[in-house]
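Chain by chain, the residues run as shown.
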Amino acid sequence: MRLCYSRKLFVMAFPTQQQEAFLLGHVQAFAHFGGIPHRISYDNLKTAVKEILEGRNREEQTHFIHFRSHYLFDSRFCTPGQGHEKGVWKAMWATVARNFLVPLPEVADFDELNALLLAACHDDDLRIVERSEQTIGARWQTDNPSCVLSLRMRLPAARAGK
């Protein structure tokens, strides 16, 4: 997951592409960002989309709807056949592959790989954003309050005073 303005990254590897891994990745990203984005954009992945309707309308998977309702964020999906909408993801994965996975890390398991990826995400915060003199971490200081609500404010337990 990558935040658009600051370009702050969260990357995690899973042994499967099942919905449970997809949702767990979101939970871990929210913890990394310290909050939940108001809106998250997606390609039309089957773990979230049951059926593509007209335009950007989708029939979403039931568990994904429950997940979004719990964490209170909106989803936005790419328009089929509009490859230019995927530029953010392609650029993010090029950055991850080039900077985090070359040379290919030698790890014993997914926990060790994810620890390396998380450290790489933290290191990436020091990178200067192109056409800017700010680091990703500095831009995050501006991005965080405006586009990501605090986990404390968004989670139902916090609203209940727990």
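Residues numbered from 1 in each chain as written. Predicted model: local features only at pLDDT ≥ 70, side-chain atom pairs only at ≥ 80, totals over all residues. Heavy atoms only, no water.

Q: Explain the pairing of strand β2 (residues 39-42) to me, please; I cannot follow it from the model alone.
A: Where a strand is regular, its side chains alternate between the two sheet faces. Judged by which residues are buried, β2 turns out to be one-sided: I40 and Y42 face inward and are buried, whereas R39 and S41, on the alternate face, are not. The sheet contact formed by β2 and strand β5 (residues 74-77) spans four bridges and is parallel. For I40, the partnering residue across the bridge sits in β5 and is S75. (Buried < 20%, exposed > 50% of the residue type's maximum accessible area, 1.4 Å probe, protein only. Helix = DSSP H or I, 4+ residues; strand = E, 2+ residues; numbered from the N terminus. Pairing = 2+ DSSP bridges.)

Q: Could you clarify how one ought to interpret unusual backbone geometry in this entry?
A: Trans peptide bonds make up most of the peptide bonds, and negative phi angles are found at most residues other than glycine. Between V102 and P103 the backbone carries a cis peptide bond, its omega angle lying at -5°. Mapped onto the elements of the fold, P103 is located in the loop between α3 (87-100) and α4 (110-124). In this structure, R7 takes a positive phi of about 70° despite not being glycine. By secondary structure assignment, the location of R7 is in the segment before α1 (19-33). On the accessibility criterion, R7 (22% relative accessible area) is partly exposed. In the Ramachandran plot, L72 falls in the positive-phi region, its phi being about 60° despite a non-glycine side chain.

Q: Sorry if this is basic, but what is going on with the packing of α1 against helix α2 (residues 62-71) here?
A: Helix-helix packing is characterised by the crossing angle of the two axes and by the distance between the axes. Running from N to C, α1 and α2 point in directions that differ by 15°, and their axes come no closer than 11 Å. Taken together, the axes of α1 and α2 are roughly parallel relative to one another. Crossing angle aside, the handedness with which α1 passes α2 is right-handed. The residues of α2 that touch α1, namely those facing Q19, F22, L23, H26, V27 and F30, are H63, F64, F67 and Y71. Among the residues making up the contact of α1 with α2, the classes are represented as seven nonpolar, three polar and no charged. (Axes fitted to C-alpha atoms, helices over the stretch in contact; angles between N-to-C directions. Parallel < 35°, antiparallel > 145°, perpendicular 65-115°, else oblique. Left-handed = near helix turned anticlockwise from the far one by under 90°. Contact = heavy atoms within 4.5 Å. Nonpolar A, V, L, I, M, F, W, Y, C, P; charged D, E, K, R; others polar.)

Q: What's the story with the packing of aromatic side chains in this structure? I'm lost.
A: By convention here, two paired aromatic rings are described through the distance between centres and the angle between planes. A full pass over the atoms with the stated rule returns 10 aromatic pairs. Pairing F30 with F73 gives two aromatic rings, centres 5.9 Å apart and planes at 70°, and the pair type is edge-to-face. In this pair, F30 sits in helix α1 while F73 sits in the loop between α2 and β5, placing the two residues 43 residues apart along the sequence. Take F30: its relative accessible area is 1%, and that puts it in the buried class. With relative accessibility at 2%, the residue F73 sits in the buried group. Linked through ring pairs, F22, F30, Y42, F64, F67, Y71, F73 and F77 together constitute an aromatic cluster. (Phe/Tyr/Trp six-rings, centres within 6.5 Å; stacked < 30°, edge-to-face > 60°.)

So far we have only geometry, and geometry alone does not tell us how the molecule works.
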